[in-house]
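Geometric and topological summary
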Amino acid sequence: MQVRAGDPREPGALACLEASHALMESLFPPEDNHYLSIDALRVPEISFFVAEDAGTVLGTIALARKDGYGEVKSMFVAPEARGRGVARRLLSHLEEVARGMGLPLLRLETGNLLEPAIALYTAQGYRRCGAFGDYAVNGTSVFMEKPLD
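A short tour of the structure in this document, coming up. As the structure is a computational prediction, the values presented were derived from the model and not from experiment.

1. Remarks on the packing of aromatic side chains
Per the counting criterion, the structure on display carries five aromatic pairs. For the ring pair Phe132 and Tyr135, a centre distance of 5.1 Å and an interplane angle of 70° mean the geometry is edge-to-face. For the pair shown, Phe132 and Tyr135 are each scored as buried. Note on Phe132 and Phe143: the rings are 5.9 Å apart at their centroids and 80° apart in plane angle, and the pair reads as edge-to-face. Of the two residues, Phe132 is situated in the loop between strand E6 (127-128) and strand E7 (141-147) and Phe143 in strand E7; the sequence distance between them amounts to 11 residues. The exposure class assigned to Phe143 is buried, which follows from its relative accessible area of 7%. By way of ring pairs, the aromatic residues Tyr69, Phe132, Tyr135 and Phe143 are connected into one cluster.

2. Observations regarding the nonpolar core
In this structure, Ile61, Val72, Met75, Leu90, Tyr121 and Tyr126 are the most contacted members of the largest nonpolar core, which totals 26 residues. For this core, the elements supplying multiple residues, two or more each, are strand E2 (46-53), strand E3 (56-66), strand E4 (69-77), helix H2 (86-100), strand E5 (105-111), helix H3 (115-123) and E7. If one sorts the elements of this core by residue count, H2 sits on top with six residues. Leave out the neighbours within four places in its chain, and Ile61 touches Ser47, Phe48, Phe49, Val72, Lys73, Ser74, Met75, Leu90, Leu91 and Leu94. Within the second largest apolar cluster, 14 residues are counted, among which are Leu41, Ile46, Phe48 and Phe76.

3. So, the environment of Asn138
By secondary structure assignment, the location of Asn138 is in the loop between E6 and E7. Accessibility expressed as a relative area gives 23% for Asn138, which makes it partly exposed. The spatial distance from the C-alpha of Asn138 to the C-alpha of Asp32 is 7.4 Å, given a sequence separation of 106 residues. Here the side chain of Asn138 touches Thr140 through a polar contact of 2.8 Å, landing on its backbone nitrogen.

What counts as what
- Positions within a chain are numbered from 1, following the residues in the order the chain's sequence is written.
- Totals for whole chains, interfaces and linings use all residues, but because this is a predicted model, local features are given only for residues with pLDDT of at least 70 and pairs of side-chain atoms are given and counted only at 80 or more.
- Calculation of side-chain values draws on the structure's entire complement of heavy atoms; hydrogens and water are dropped beforehand.
- Working definition: a ring pair exists when centres of Phe, Tyr or Trp rings (six-membered ring for Trp) sit within 6.5 Å. Plane angles under 30 degrees give stacked, over 60 give edge-to-face, the rest tilted.
- In this scheme, a residue with accessible area under 20% of its type's maximum is buried, one over 50% is exposed, and one in between is partly exposed, where area comes from a 1.4 Å probe on protein chains only.
- A run of H or I in DSSP counts as a helix once it spans at least four residues, and a run of E counts as a strand once it spans at least two, with each numbered from the N terminus.
- Residues belong to a common nonpolar core when they are buried Ala, Val, Leu, Ile, Met, Phe, Trp, Tyr or Cys residues joined through side-chain atoms within 4.5 Å.
- Here, two residues are considered to be in contact whenever any of their heavy atoms come within 4.5 Å of each other.
- Between N or O atoms, a polar contact is any pair within 3.5 Å; within protein, one atom must be a potential hydrogen donor and the other a potential acceptor, and residues adjacent in sequence are included only when both atoms are from side chains.

This is how it looks when you write it as structure tokens:
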């Protein structure tokens, strides 16, 4: 398995993103969904990555560069690839990229019903924090951060 820079429009990445968006829409009200559109993932402030094995995209992740921190976006692993360490590999790669950019901190917003994601982030050193950026406190968002020192 390798992690590489990707394009959200490539078929495997697009399939993962569409599955992620559908899952979020099935679990949370529209006002609590904060995923980025395919076009929004293609702006210069976003670095987008895919994990793949033998040419098959297994998952996606993106790094949004903000003022003073990076934000983890579009983290998703295809259901058939779960349990293989894909999410950890993606997150570790993103952290290395963020460190290389000199970002001191990573933050993320996830949903309270996404218990496996919250468990992964916690195991990787992320801790709950308050709302940040343009996010507002609501009944479903969980905010987390990790210093990159």
